[in-house]
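Remarks on the overall topology
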Amino acid sequence: MLAVRLRDAIRANENATVPLGSLDITLYRDDLTRIGYAPIVRESALDFSVDDKVVVLVDDVLFTGRTIRAAMDALVDYGRPRAIRLAVLVDRGHRELPIRADFVGKNVPTKPTDDVRVHLTEVDGRDEVELIARERVSA
Amino acid sequence: MRWSRRHVLDTDDWSTEEIEAVLDTTGAMIEVLSRPVRRAPPLRGRTVVLFFAEASTRTRVSFELAARTLSADVVNISASGSSVEKGESLFDTVRTLQALGGDIVVMRHSSSGAPYFVSERTDAAVINAGDGWHAHPTQGLLDAYTLRGALGDLAKKRIVIVGDVVHSRVARSDINTLVPLGATITLSGPPTLMPSAWRCGQAPAGTTYEPDLDRALEGADAVIALRLQKERQEGGLLPSLREYTRVWGLSEARVARMRPGAPVMHPGPMNEGVEIDASVAHGARSLVERQVTNGVAVRMALLYLLVGTPNLEAS
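In this numbering scheme, every chain counts its residues from 1 along its sequence in written order. Starting at A for chains and at 1 for ligands, labels are handed out in the order in which the entities are written. At least 70 in pLDDT is required for a residue's local features to be given in this predicted model, at least 80 for side-chain atom pairs to be given and counted, and no such filter applies to totals for whole chains, interfaces and linings, which use all residues.

1. Points about the environment of Gly 249 of chain B
All names here are of chain B. We apply this condition: Numbering of helices and strands runs from the N terminus, with a helix taken as a DSSP run of H or I at least four residues long and a strand as a DSSP run of E at least two residues long. Counting other C-beta atoms within 10 Å of a residue's C-beta gives its exposure: the residue is buried at 20 or more, exposed at 12 or fewer, and partly exposed in between, where C-beta atoms are placed from the backbone. Residues are scored as being in contact if the C-beta atoms we place from backbone atoms lie within 7 Å.
Looking at where Gly 249 falls in the secondary structure, it is placed in the loop between helix H10 (241–248) and helix H11 (252–255). For Gly 249, a count of 23 C-beta atoms within 10 Å translates into the label buried. As a C-alpha pair, Gly 249 and Arg 60 span 189 residues in sequence and 28 Å in three-dimensional space. Apart from residues lying up to four places away in sequence, Gly 249 is in contact with Tyr 244, Val 274, Glu 275, Ile 276 and Asp 277.

Here you go:
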């Protein structure tokens, strides 16, 4: 959804249409054998070649960076992009991998236990980012 | 829905949601197979043991390709030239498989129920790749996926299954998979090759027996021809193969009785000129090659779904 909006904005401002695809990164997760069940895999849709292109990955919230690591691994199975960039709506910190975003909507300081929820008009009927503070559950 | 099965032994006790979950995951796997790099990492570091105690090339290769595409290590144990032929008991073979450290055992066996025996004696997840006359769950699932691709929603669709039903694990698994998805099934074939209760009005729910193939095909949405084992004739169940072909073989004229464009399927390997004419097997209606491609994706889906089961983790 965010990528669709970016594509439409580029079309309106630059009069250029960039190809748009979606990646499901489930098969590339590094915790598949740790979570105790197999999450549903959805179909990726990338009907253009990424060879020698600059590909911008778009995600709503950047947190540990593990999703982005998985997305990069998935992407290189489709070809060899000239460069991979990362655009996120919210960067909430607490990275576990050496990954940073090239384009950030807003940096939001959070605690690791907090929950950040993004609502978009196309899905939820409103544009809103919620920061929900969670008390650390004592073990 | 959260997948919770440890083994795939038979689809007869599956919910419709479980069947749908496998078919949806299969769609994602088809996409993986279409990529320039046909490989994804979810089974990295896992070992899949292919234990085929009955001759099979296509199913074994299909599973092997599925496992390798998901980055698993693959170990092959076949019947001929192995300890099985030297008289090792199934129980000892299971202990060997266990010692090899297999996370998933894919097995084919001529004895119905053998995968159940193995699943109770190993920590590995077991996938039944065909046991005796009993079940061939991955064939049922790949036929369902292929039919859905050709016909869309299977509700109220009528599928004809023709041939040697009594000895067919494919027929049983097709019934177990297609009926929960809403299809009705017309079984056809010689009365000697039909379970006696089924031809006497006690066919399973969602199915009926129609001995006249021409009548069965009239307006049908698809047909699945079963492989005729030549031994059946020697066993006295058939007068001759020529008679079988004349009465139960799929010819151009026969398949034309179905709905226009209705597809023809066969689990393979085909006896062309016996249960199916070469022109039908390779004609515009034939989905036989699509079945083979979809088979790899269905098996990938099951391997993926089983990799997350807790017991696999413990092994």
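2. So, the sheet that holds strand E2 (residues 73–78) of chain B
Residue and element names in this part refer to chain B. So the rule is basically this: Pairing between strands is defined by DSSP: at least two bridges between the two strands are required. A fitted line through C-alpha atoms serves as each axis, taken over the contacting stretch for helices, and the angle formed by two N-to-C directions is quoted from 0 to 180°.
What the four strands build is an open sheet, ordered E2-E1-E3-E4; its pairing is parallel. In the strand order of this sheet, the two ends are held by E2 and strand E4 (125–131), each with one partner. On average, each strand axis in the sheet is tilted by 15° relative to the strand beside it, whichever way the strands run. Across six bridges, strand E1 (residues 47–52) lies against E2 in parallel orientation. Note on E2: the bridge partner recorded for Val 48 is Val 74.

3. Topic: the domain arrangement of chain B
All names here are of chain B. Which entries qualify depends on this criterion: Where each domain begins and ends follows an automated or database-derived domain assignment. Gly falls in the polar group here, along with every residue not listed as nonpolar (Ala, Val, Leu, Ile, Met, Phe, Trp, Tyr, Cys, Pro) or charged (Asp, Glu, Lys, Arg).
Here the domain parsing of chain B yields domain 1 (16–134 + 294–314) and domain 2 (137–292). The C-alpha centroid of domain 2 is placed 26 Å from the C-alpha centroid of domain 1. Counting residues at the interface gives 18 residues for domain 1 and 19 residues for domain 2. For the side of domain 1 that touches domain 2, the secondary structure elements donating two or more residues are helix H1 (16–33), E4 and helix H13 (288–307). Of the residues belonging to the side of domain 1 that touches domain 2, the class tally is seven nonpolar, eight polar and three charged.

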